[in-house]
Amino acid sequence: MSLINKEVADFSVQAYVDDDFQTVTKEDIMGKWSVFFFYPADFTFVCPTELEDLQNKYADFKAAGCEIYSVSCDTHFVHKAWHDNSEIIGKITFPMIADPTQALARDFDVLIEAEGIAERGSFIVNPEGKIVVYEVNAGNVGRNADELFRRLQASQFVAEHGDQVCPARWAPGAATLKPGVELVGAL
(Lines give C-alpha, C1' and ligand atoms only; values in the text may rest on other atoms or scores of the structure.)
Protein backbone atom coordinates (compact mmCIF):
# COMPACT_ATOMS: atom_id res chain seq x y z
CA MET A 1 0.00 0.00 0.00
CA SER A 2 1.33 3.44 -0.92
CA LEU A 3 1.83 6.09 1.73
CA ILE A 4 1.56 8.94 -0.80
CA ASN A 5 -1.05 11.46 0.41
CA LYS A 6 -1.41 9.63 3.75
CA GLU A 7 -2.00 12.18 6.48
CA VAL A 8 0.34 11.87 9.43
CA ALA A 9 -1.58 10.77 12.53
CA ASP A 10 -1.76 12.94 15.62
CA PHE A 11 1.35 12.59 17.75
CA SER A 12 3.14 14.12 20.72
CA VAL A 13 6.77 13.12 21.26
CA GLN A 14 9.88 14.34 23.02
CA ALA A 15 12.85 15.66 21.06
CA TYR A 16 16.35 16.71 21.93
CA VAL A 17 17.18 20.08 20.33
CA ASP A 18 19.16 23.16 21.32
CA ASP A 19 20.57 21.40 24.39
CA ASP A 20 17.07 20.90 25.76
CA PHE A 21 14.08 18.57 25.64
CA GLN A 22 11.04 19.80 23.74
CA THR A 23 7.65 18.36 22.90
CA VAL A 24 6.91 18.07 19.17
CA THR A 25 3.32 17.50 18.03
CA LYS A 26 1.44 17.21 14.77
CA GLU A 27 0.37 20.81 15.25
CA ASP A 28 4.06 21.83 14.97
CA ILE A 29 4.36 20.40 11.45
CA MET A 30 1.15 21.83 10.06
CA GLY A 31 1.51 24.80 7.71
CA LYS A 32 5.11 24.09 6.72
CA TRP A 33 7.19 21.50 4.94
CA SER A 34 8.82 18.78 7.03
CA VAL A 35 11.25 15.92 6.56
CA PHE A 36 10.96 12.91 8.86
CA PHE A 37 14.25 11.04 8.70
CA PHE A 38 13.97 7.66 10.44
CA TYR A 39 17.12 5.73 11.30
CA PRO A 40 17.66 2.47 13.23
CA ALA A 41 19.44 3.55 16.41
CA ASP A 42 21.77 5.96 18.16
CA PHE A 43 25.40 4.94 18.74
CA THR A 44 25.54 2.98 15.46
CA PHE A 45 27.51 3.08 12.23
CA VAL A 46 25.78 4.37 9.08
CA CYS A 47 23.37 6.60 11.07
CA PRO A 48 25.90 9.27 12.13
CA THR A 49 27.15 9.65 8.56
CA GLU A 50 23.59 10.31 7.37
CA LEU A 51 22.77 12.73 10.17
CA GLU A 52 26.02 14.63 9.56
CA ASP A 53 25.15 14.85 5.84
CA LEU A 54 21.72 16.26 6.76
CA GLN A 55 23.28 18.75 9.17
CA ASN A 56 25.61 19.94 6.41
CA LYS A 57 22.51 20.66 4.26
CA TYR A 58 20.27 21.89 7.11
CA ALA A 59 20.61 25.61 6.28
CA ASP A 60 19.32 24.92 2.76
CA PHE A 61 16.32 22.99 4.11
CA LYS A 62 15.56 25.81 6.56
CA ALA A 63 15.89 28.45 3.81
CA ALA A 64 13.34 26.41 1.81
CA GLY A 65 10.88 26.58 4.71
CA CYS A 66 11.39 22.97 5.78
CA GLU A 67 12.18 21.52 9.20
CA ILE A 68 14.11 18.28 9.53
CA TYR A 69 13.14 15.80 12.23
CA SER A 70 15.45 12.84 12.71
CA VAL A 71 13.62 9.96 14.39
CA SER A 72 14.69 6.75 16.09
CA CYS A 73 13.02 4.50 18.65
CA ASP A 74 15.59 5.59 21.25
CA THR A 75 14.61 7.97 24.07
CA HIS A 76 15.36 11.67 24.14
CA PHE A 77 17.85 10.92 26.94
CA VAL A 78 19.80 8.62 24.62
CA HIS A 79 19.74 11.34 21.92
CA LYS A 80 21.30 13.77 24.40
CA ALA A 81 23.94 11.26 25.48
CA TRP A 82 24.84 10.58 21.83
CA HIS A 83 24.93 14.32 21.10
CA ASP A 84 27.20 14.87 24.10
CA ASN A 85 29.56 11.99 23.29
CA SER A 86 29.95 12.03 19.51
CA GLU A 87 31.86 14.72 17.68
CA ILE A 88 29.71 14.13 14.57
CA ILE A 89 26.33 14.08 16.36
CA GLY A 90 27.42 17.02 18.53
CA LYS A 91 27.07 19.19 15.39
CA ILE A 92 23.35 18.34 14.98
CA THR A 93 21.04 21.34 15.41
CA PHE A 94 17.76 19.95 14.05
CA PRO A 95 15.27 18.23 16.38
CA MET A 96 16.12 14.62 17.22
CA ILE A 97 12.76 12.97 17.92
CA ALA A 98 12.48 10.12 20.41
CA ASP A 99 9.97 7.39 19.50
CA PRO A 100 10.34 4.79 22.28
CA THR A 101 6.66 3.79 21.98
CA GLN A 102 7.27 3.24 18.24
CA ALA A 103 4.08 5.15 17.41
CA LEU A 104 5.70 7.28 14.69
CA ALA A 105 7.61 4.33 13.22
CA ARG A 106 4.31 2.42 12.98
CA ASP A 107 2.42 5.37 11.48
CA PHE A 108 5.09 5.85 8.81
CA ASP A 109 5.23 2.05 8.31
CA VAL A 110 8.97 1.71 8.97
CA LEU A 111 8.96 -0.26 12.24
CA ILE A 112 10.88 -3.53 12.26
CA GLU A 113 8.66 -5.20 14.87
CA ALA A 114 11.01 -8.06 15.73
CA GLU A 115 13.89 -5.69 16.48
CA GLY A 116 12.00 -2.67 17.85
CA ILE A 117 13.87 -0.31 15.55
CA ALA A 118 13.02 1.74 12.48
CA GLU A 119 14.04 1.18 8.88
CA ARG A 120 15.97 3.93 7.09
CA GLY A 121 12.93 5.86 5.90
CA SER A 122 12.89 9.41 4.52
CA PHE A 123 9.56 11.22 4.25
CA ILE A 124 8.71 14.64 2.87
CA VAL A 125 5.49 15.93 4.44
CA ASN A 126 3.64 18.87 2.92
CA PRO A 127 2.08 21.76 4.89
CA GLU A 128 -1.23 19.86 5.01
CA GLY A 129 0.48 17.07 6.98
CA LYS A 130 0.47 14.60 4.07
CA ILE A 131 3.33 12.45 2.83
CA VAL A 132 4.28 13.48 -0.73
CA VAL A 133 7.64 11.68 -1.11
CA TYR A 134 9.18 8.74 0.67
CA GLU A 135 11.88 6.12 0.34
CA VAL A 136 12.95 3.26 2.54
CA ASN A 137 16.47 1.88 2.31
CA ALA A 138 17.99 -1.33 3.58
CA GLY A 139 19.76 -0.80 6.88
CA ASN A 140 23.20 -1.09 5.32
CA VAL A 141 22.64 1.64 2.68
CA GLY A 142 23.01 5.29 3.66
CA ARG A 143 21.04 8.15 2.13
CA ASN A 144 22.04 11.38 0.39
CA ALA A 145 20.87 14.76 1.74
CA ASP A 146 21.43 16.49 -1.62
CA GLU A 147 18.96 14.17 -3.35
CA LEU A 148 16.45 14.51 -0.52
CA PHE A 149 16.72 18.29 -0.84
CA ARG A 150 16.25 18.12 -4.62
CA ARG A 151 13.06 16.11 -4.09
CA LEU A 152 11.85 18.67 -1.54
CA GLN A 153 12.42 21.44 -4.09
CA ALA A 154 10.56 19.48 -6.79
CA SER A 155 7.69 18.78 -4.38
CA GLN A 156 7.43 22.45 -3.51
CA PHE A 157 7.54 23.43 -7.19
CA VAL A 158 4.72 21.12 -8.23
CA ALA A 159 2.66 22.15 -5.20
CA GLU A 160 2.93 25.73 -6.43
CA HIS A 161 2.66 24.97 -10.16
CA GLY A 162 0.09 22.18 -10.29
CA ASP A 163 -0.07 22.10 -14.08
CA GLN A 164 3.64 21.22 -14.41
CA VAL A 165 5.70 18.18 -13.49
CA CYS A 166 9.41 17.76 -12.81
CA PRO A 167 11.34 15.29 -14.96
CA ALA A 168 14.22 13.13 -13.74
CA ARG A 169 17.18 15.06 -12.37
CA TRP A 170 15.15 18.28 -12.33
CA ALA A 171 16.63 21.17 -10.36
CA PRO A 172 15.28 24.68 -9.80
CA GLY A 173 15.51 26.71 -12.98
CA ALA A 174 15.51 23.66 -15.24
CA ALA A 175 12.75 22.93 -17.71
CA THR A 176 9.58 21.28 -16.49
CA LEU A 177 6.90 19.45 -18.42
CA LYS A 178 3.25 20.34 -18.84
CA PRO A 179 1.30 17.08 -19.28
CA GLY A 180 -0.99 17.03 -22.26
CA VAL A 181 -1.88 15.14 -25.39
CA GLU A 182 0.91 16.87 -27.34
CA LEU A 183 3.53 15.17 -25.14
CA VAL A 184 2.19 11.64 -25.62
CA GLY A 185 4.88 9.76 -27.53
CA ALA A 186 6.96 12.92 -27.99
CA LEU A 187 9.46 12.20 -25.25
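What you see is a predicted model; the values in this text were computed from it and never measured.

Analysis parameters
Residues numbered from 1 in each chain as written. Predicted model: local features only at pLDDT ≥ 70, side-chain atom pairs only at ≥ 80, totals over all residues. Heavy atoms only, no water. Axes fitted to C-alpha atoms, helices over the stretch in contact; angles between N-to-C directions. Helix = DSSP H or I, 4+ residues; strand = E, 2+ residues; numbered from the N terminus. Parallel < 35°, antiparallel > 145°, perpendicular 65-115°, else oblique. Left-handed = near helix turned anticlockwise from the far one by under 90°. Contact = heavy atoms within 4.5 Å. Nonpolar A, V, L, I, M, F, W, Y, C, P; charged D, E, K, R; others polar. UniProt positions renumbered as here; feature names shortened; annotations may be inferred. Buried < 20%, exposed > 50% of the residue type's maximum accessible area, 1.4 Å probe, protein only. Pairing = 2+ DSSP bridges. Core = buried A, V, L, I, M, F, W, Y, C linked by side-chain atoms within 4.5 Å. Disulfide = S-S within 2.5 Å.

(A) The arrangement of the packing of helix 2 (residues 46-63) against helix 5 (residues 145-160) in detail. Put simply, helix 2 and helix 5 touch, their axes get as near as 9 Å, and they point 25° apart. Judged by the angle between their axes, helix 2 and helix 5 are roughly parallel. Pair helix 2 / helix 5 crosses with right-handed handedness. Between helix 2 and helix 5, the residues in contact are Asp 53, Leu 54, Lys 57, Asp 60 and Phe 61 and Ala 145, Asp 146, Leu 148, Phe 149 and Leu 152, respectively. The class makeup of the residues in the contact of helix 2 with helix 5 is six nonpolar, no polar and four charged.

(B) Main features of the UniProt feature "active site" (unreviewed entry) in the chain. Following the UniProt record, one finds the feature "active site" (unreviewed entry) at Cys 47. For Cys 47, the position within the fold is in helix 2. Judged by its relative accessible area of 1%, Cys 47 falls in the buried class. The contacts of Cys 47, once residues within four sequence positions are left out, are Tyr 39, Pro 40, Ala 41, Trp 82 and Arg 120.

(C) Seen up close, the side chain of Asn 126. Relative to the helices and strands, Asn 126 is located in the loop between strand 8 (120-125) and strand 9 (131-137). Residue contacts for Asn 126: discarding those within four places in its chain leaves Lys 32, Trp 33 and Val 132.

(D) Highlighting the pairing of strand 1 (residues 12-17). With six bridges connecting them, strand 1 and strand 2 (residues 20-25) associate as antiparallel partners. From the neighbouring strand, Ser 12 faces strand 2, where its bridge partner is Thr 25. Examined bridge by bridge, strand 1 and strand 5 (residues 96-98) share two bridges and lie antiparallel to one another. Within strand 5, the residue paired with Ala 15 across the bridge is Ile 97.

(E) Highlighting the sheet that holds strand 1. Strand order across the open sheet formed by seven strands is 2-1-5-4-3-8-9, with mixed pairing between neighbours. This sheet does not close on itself; its edge strands, each paired only once, are strand 2 and strand 9. Across this sheet, the average inter-strand angle for adjacent strands is 25°, counted without regard to direction. When strand 3 (residues 33-38) meets strand 4 (residues 66-72), the two strands line up parallel, connected through six bridges. From the neighbouring strand, Ser 34 faces strand 4, where its bridge partner is Glu 67.

(F) Expanded view of the nonpolar core. Val 35, Leu 51, Leu 54 and Phe 61 are the most contacted members of the largest nonpolar core, which totals 23 residues. Those elements giving two or more residues to this core turn out to be strand 3, helix 2, strand 4 and helix 5. Element by element, the count of residues in this core is highest for helix 2, at five residues. Val 35 has contacts with Phe 61, Cys 66, Glu 67, Ile 68, Tyr 69, Phe 123, Ile 124 and Leu 148, leaving out every residue within four places of it along the chain. Val 8, Phe 38, Leu 111 and Val 125 belong to the second largest nonpolar core, which has 22 residues in total.

(G) View of the state of the cysteines. Counted by the stated rule, this structure contains zero disulfides. Free cysteine Cys 47: the closest other cysteine sulfur is in Cys 73, separated by 11 Å. Unpaired in terms of disulfides, Cys 66 finds its nearest cysteine sulfur in Cys 166, a separation of 16 Å. Look at Cys 66 and you get buried, because its relative accessible area is 3%.

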